[in-house]
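Survey of secondary and tertiary structure
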Amino acid sequence: MSRTAAESAAARADEQVADPVWHKSACILCECNCGLQVQLDGRRIAKIRGDKEHPGSRGYTCNKALRLDHYQNGGVRLTSPLRRAADGTFEEIDWATAIREIAAGLAAVRDQHGGESVLFYGGGGQGNHLGGAYKGALMAAVGARYSSNALAQEKTGEAWVDAHLAGGHTVGDWERAEVAIFLGKNPWQSHGVPRARTVLQQISKDPARTMIVIDPVRTESADLADIHLQVRPGTDAWCLAAILAILVGEDLLDHDFLASHTSGAETVVAQVKSIDVSAYAAACGIAEEQLRSAARRIATAGSVSTYEDLGVQHSLNSTLVSYLNKLIWLLTGNFAKPGAMQRHSWVAPLSKWKTTYRTTPVTGARMLGGIVPCNAIPDEILTDHPKRFRAMWVDSANPAHSLADTQRFIEAMAALDLVVVLDVALTETARHADYVLPCASQFEKWEATFFTTEHPHNVFQLRAPLLDPLPGTWTEPQIYSAIARELGATPARAERILRAAAGRGRAAYTLAFAATAVADKRVRGLAPTLLYETLGPTLPDGAASVAILWPLAQRVALTHRAGMKRAGHRSAAALFDAMLTNRSGVVFTEDRPEDSWSYVPHKDKRIPLAIPELLAALDGLASGPHAHTSAQFPVVLMAGQRRAESANTIFRTTAWRARDPEGALRMNPADAERLGLAAGSRARVVTARGSAFAVVTVDDRYQPGHAALPNGLGLDLPSGRGEDGPTERTGVALNTLTDGTRRDPFAGTPWHKHVPARIEPA
Ligand SMILES: Nc1nc2c(c(=O)[nH]1)N[C@H]1C(S)=C(S)[C@@H](COP(=O)(O)OP(=O)(O)OC[C@H]3O[C@@H](n4cnc5c(=O)[nH]c(N)nc54)[C@H](O)[C@@H]3O)O[C@H]1N2
Ligand SMILES: Nc1nc2c(c(=O)[nH]1)N[C@H]1C(S)=C(S)[C@@H](COP(=O)(O)OP(=O)(O)OC[C@H]3O[C@@H](n4cnc5c(=O)[nH]c(N)nc54)[C@H](O)[C@@H]3O)O[C@H]1N2
Ligand code: SF4
Ligand SMILES: [Mo]
């Protein structure tokens, strides 16, 4: 239930009285966005429990959701726009000044160097995508063409492979899969699979089902697995190639599926045949017999689903590994049937699934998924190339902390003419901005994510604000709209027509929108802010920023009509109303496995299996190096493990972390002993780019020569009062250790899981 103005006023009048109402919301810490119910005590989120009516999470939460008040109230919030003064410090300015100066700054960069020299970064985190949906309007207003976000350091290689094969994003059917494969994925900690711990336990307990975990570490997920392929770090390509060779060699392929639903199988099979299984088994450190039994189990299963994640996407040969992973389920016919891999609907696709790509203006890096690879960004700035980026706009992201090679990224920021950061706090990135704009938190505005990737019931939840915006903060749509207007980009006539049409109802509005878009070319690009300014005010409870869902509901009706109707929505308008009013979220499409074929865009509905460039890379494995370590850096450091006590950089406080406050360096007992490191002692971790100190934990879950540091620590948090004062760092800021050049040759995605390092007593 949304909080009315009267309720808010009552809460303000008597802050001491806890509000007994359970308000609906969602967790903002990972892509699952579990539905929540919360009780407020003034502005404090006092009690949190899972929402049983949420159609995806059904009451489930993990340990982290219960700490969400640390996001809302734990850090130091920004309450005024900040401008960097001549002496380098920040000064508070009012919003009118901020909007005027930033618009003037953007216009100056555009007029001198072209709008394409403004790079947009971010636009949403794990819990907030609604605001970022308005970013496109500002990009259009400026004439910008380049953007990037965290997907370009994890998922773009996979997206490119998916584009070639099933033509778009694929997802497992976890509730029904007979064999579930987790490849470089630890759902027990990182989730990704809805209700992950429950689902893992169900698979583990069921003798008819099998869980295969491919991970160098004996993780909590591996503990529940039937088969744990404990690869040597970074050798997944050899492991998967060997499994493919076994499938081919033992004739375990689904020939019917290959004949009726694919093309190019002969090319793939011919090449895989030549792989030396024993040699590849040795390369990945797994007994050949274990690989054979895994391959046989996959081939004889009624259904197989797989989930690949950072363990391979942040490691060597990542795009090739994506391809080999997908060949395993395709050669065994595990697509578009119950329990197998599926295509699915979206409310708004997170990325572009295209085989073609643009390249970056300076270094010519491939922009897979349509976005600039994160690792290439500093190279696109630190140069005197005339097409270099001159300005950067950052929203809901912390790239000075989350991108490889922090030092170089900060150097790049300093070389720009203009940096604007939108955030709730003065982050590591915001500290290097020219302007910082304080945003309302994710519990102070209407919010949603477009992590709508489920099958068969795909869920979307629109969250109503729990609290009024903190005084001094604005919402992102408000900011995008104001700056586009200040730039003079808002088409006035179209706006007048649309405002009038909005008063006559949504059907009239839609017709008017189509007409104005034909009459004025600017309308399409500026559509988000036009919607916000004209349809927005007609929406109830101050939900102006929800206006963007109106065209998105039309999109769902157009592209996934049958699925939408099966979910009980007879039209786009009905779906929009359901999304607007249902606080626990709605199933927006109900898909059947065979519907996956309707999402395959290829004309002949056949999946083309051969990707020549990646087959060439597969050939290269025969001679490729299995490890990147050296005498100087003999350890593989996993720079970014997901743990029970990590959540990207969303909590800007150390207090939320009950255990492991500093984020220990985990390593094998034998390594620790050899180095003279006792549990609890301090070690120095040295890489080619930097060094840092960490507390040691010894654990035989890790292989010798492998060590792990957690993701998201090492924030520079205010140690005194005031946001702009001195700071203190707890834990290792991982990207002070990583090197931007260590990246996948196809996708440019970083090798954060494979950082050659040396560990020594501190
Ligand atoms: N608790 C928590 N959950 C989160 C997040 C968080 O910060 N904390 N972040 C969210 C985000 S943004 C993401 S992208 C997901 C990521 O979710 P995951 O990818 O599951 O998380 P990681 O722990 O980074 O990596 C997964 C596994 O890869 C293994 N691995 C390391 N090297 C290799 C290798 O060479 N080969 C293989 N096969 N495996 C390897 C690690 O041992 C680890 O168990 O998690 C999300 N969920
Ligand atoms: N070495 C190493 N680096 C990594 C990783 C790793 O494993 N190892 N993981 C990578 C991965 S998978 C990911 S996804 C990225 C994540 O890194 P980023 O994409 O940079 O995102 P987050 O750390 O989630 O930071 C989210 C930001 O949004 C801000 N924020 C929160 N709420 C709001 C709001 O309502 N409005 C606005 N405007 N801002 C808000 C937060 O304060 C925070 O600054 O890190 C990547 N970097
Ligand atoms: S799995 Fe945990 S972190 Fe992820 S959304 Fe649910 S409660 Fe939040
Ligand atoms: Mo991520």
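Scoring rules and cut-offs
- Residues numbered from 1 in each chain as written.
- Chains lettered and ligands numbered in written order.
- Predicted model: local features only at pLDDT ≥ 70, side-chain atom pairs only at ≥ 80, totals over all residues.
- Heavy atoms only, no water.
- Helix = DSSP H or I, 4+ residues; strand = E, 2+ residues; numbered from the N terminus.
- Rg over C-alpha atoms; globule rule 2.2 N^0.38 Å.
- Buried < 20%, exposed > 50% of the residue type's maximum accessible area, 1.4 Å probe, protein only.
- Contact = heavy atoms within 4.5 Å.
- Areas by Shrake-Rupley, 256 points an atom, 1.4 Å probe, with all protein chains shown as cover.
- Domains from an automatic or database assignment.
- Buried area = accessible area lost by both parts, 1.4 Å probe.
- Salt bridge = Lys/Arg side-chain N within 4 Å of Asp/Glu carboxyl O.
- Nonpolar A, V, L, I, M, F, W, Y, C, P; charged D, E, K, R; others polar.
- Near = heavy atom within 4 Å.
- 1 Å grid on protein atoms, 1.4 Å probe; cavity = no way out; pocket = protein on both sides within 12 Å on 5 of 7 lines; lining within 4 Å.
- Sits in = over half its atoms within 2 Å of the grid points.
- UniProt positions renumbered as here; feature names shortened; annotations may be inferred.
- Polar contact = N/O pair within 3.5 Å; in protein donor to acceptor, adjacent residues only side chain to side chain.
- Pairing = 2+ DSSP bridges.
- Axes fitted to C-alpha atoms, helices over the stretch in contact; angles between N-to-C directions.
- Phe/Tyr/Trp six-rings, centres within 6.5 Å; stacked < 30°, edge-to-face > 60°.
- Lys NZ or Arg CZ within 6 Å of the ring centre and 35° of its normal.

Secondary structure assignment for the protein chain yields 26 helices and 30 strands. Taken over the C-alpha trace, the protein chain has a radius of gyration of 26 Å; the compact-globule value for 762 residues is 27 Å, and the two agree within 12%. Along the first, second and third principal axes, the C-alpha atoms of the protein chain reach 70 × 60 × 60 Å. Out of the 762 residues belonging to the protein chain, those deemed buried represent 62%. Across the protein chain, every contact between residues at least 6 apart in sequence was considered, and the portion connecting residues at least 24 apart equals 73%. Accessible surface for the protein chain amounts to roughly 27200 Å². Of this, 52% is attributable to carbon and sulfur atoms.

A few words on the domain arrangement of the protein chain. We note that the domain assignment places domain 1 (2-77), domain 2 (167-346) and domain 3 (635-761) within the protein chain. Taken over C-alpha atoms, the centre of domain 1 sits 38 Å from the centre of domain 2. If you look at the interface, domain 1 gives 10 residues, while domain 2 gives 12 residues. Summed over both sides, the interface between domain 1 and domain 2 buries roughly 770 Å², with carbon and sulfur atoms accounting for 51% of that surface. Interface area lost by domain 1 to domain 2 is led by Cys32, Arg58 and Tyr60, which between them contribute 54%. The tally of links between domain 1 and domain 2 comes to 1 salt bridge. Each residue belonging to the side of domain 1 that touches domain 2 can be placed in one class, and the counts come to 4 nonpolar, 3 polar and 3 charged.

Turning to the site of ligand 3, a few remarks are in order. Surrounding ligand 3, one finds Cys27, Leu29, Cys30, Cys32, Asn33, Cys34, Thr61, Cys62, Lys64, Ala65 and His191. If you map ligand 3 onto the pockets, it falls in the second largest cavity. The class makeup of the residues in the shell around ligand 3 is 7 nonpolar, 3 polar and 1 charged.

Turning next to unusual backbone geometry. A negative phi holds for most residues other than glycine; trans holds for most peptide bonds. Of the consecutive residues histidine 455 and proline 456, the connecting peptide bond is found in the cis state with omega at 0°. With respect to the helices and strands, the residue proline 456 is situated in the loop between strand E19 (435-438) and strand E20 (457-460). If you check the backbone angles, aspartate 251 has positive phi at about 50° while not being a glycine. Mapped onto the elements, aspartate 251 comes out in the loop between helix H9 (236-249) and helix H10 (255-261). Of note, serine 396 is a non-glycine position whose phi angle comes to about 60°, a positive value. Mapped onto the elements of the fold, serine 396 is located in the loop between strand E17 (391-395) and helix H16 (399-402).

Attention now goes to the pattern of salt bridges. Pairing between side chains of opposite charge can happen when the charged atoms of each approach one another. Counted by the stated rule, this structure contains 46 salt bridges. The residue glutamate 760 makes a salt bridge to arginine 758 at a minimum N-O spacing of 3.1 Å. A residue is classified by how much of its surface remains accessible, and glutamate 760, at 23% relative accessible area, is partly exposed. Residues participating in the shared-partner salt-bridge network are Glu250, Glu288, Glu289, Arg292 and Arg296.

With that settled, consider the UniProt feature "domain: 4Fe-4S Mo/W bis-MGD-type" (unreviewed entry) in the protein chain. Look at the UniProt record and you will see "domain: 4Fe-4S Mo/W bis-MGD-type" (unreviewed entry) annotated at residues 20-76. Strand forms 32% of residues 20-76 and helix 11%; the C-alpha atoms that close the span are 27 Å apart.

Lining the immediate surroundings of ligand 2 are 32 residues, of which Ser402, Asp423, Glu476, Ala639 and Thr649 lie closest. Between ligand 2 and glutamine 153 there is a distance of 3.4 Å, counted from a nitrogen atom to a side-chain nitrogen or oxygen. Here an oxygen atom of ligand 2 and a backbone polar atom of glycine 640 are 3.5 Å apart. Considered on its own, ligand 2 offers 920 Å² of accessible surface; in the complex 96% of this is hidden by protein.

A word on the sheet that holds E19. Each strand in a sheet pairs with its neighbour through backbone hydrogen bonds, running either in the same direction (parallel) or in the opposite one (antiparallel). A sheet is described by the order of its strands in space; here 7 strands give the open sequence E5-E4-E19-E18-E17-E6-E7, paired in mixed fashion. Because the sheet does not close on itself, it has two edges, and the strands there are strand E5 (90-92) and strand E7 (146-148). Within the sheet, the average angular offset between the axes of one strand and its neighbour, ignoring direction, is 20°. Helix H3 (residues 95-113) contacts strand E4 (82-84), strand E6 (118-122), E17, strand E18 (418-423) and E19 of the sheet and is inclined by roughly 135° relative to E19.

Let us now look at the sheet that holds strand E11 (residues 227-229). Across the sheet, 4 strands lie side by side as E11-E10-E9-E13; this open sheet has parallel pairing. Sheet topology places E11 and strand E13 (304-308) at the edges, where each strand pairs with a single neighbour. When strand polarity is set aside, the average angle formed by the axes of neighbouring strands in this sheet is 15°. Bridging between strand E9 (residues 179-183) and strand E10 (residues 210-214) involves 5 bridges; their strand directions are parallel. Note on E10: the bridge partner recorded for phenylalanine 182 is valine 213.

Right, let's get into the packing of aromatic side chains. All told, the structure shown has 18 aromatic pairs when counted by the stated rule. Between tryptophan 174 and phenylalanine 182, the aromatic rings sit 5.1 Å apart at their centres with planes inclined by 25°, giving stacked as the arrangement. Taken as a pair, tryptophan 174 and phenylalanine 182 share a single burial class, namely buried. Between phenylalanine 335 and tryptophan 597 the ring centres are 5.0 Å apart and the planes differ by 90°, which places this aromatic pair in the edge-to-face class. Of the two residues, phenylalanine 335 sits in the loop between helix H15 (318-331) and strand E14 (342-343) while tryptophan 597 sits in the loop between strand E21 (586-590) and strand E22 (607-608), which places them 262 residues apart along the sequence. The class for tryptophan 597 is buried, based on a relative accessible area of 16%. Put simply, the rings of Phe257, Trp329, Phe335 and Trp597 pair up and form one aromatic cluster. The residue whose ring lies beneath arginine 49 is tryptophan 22, and the NZ or CZ to ring-centre distance is 3.7 Å.

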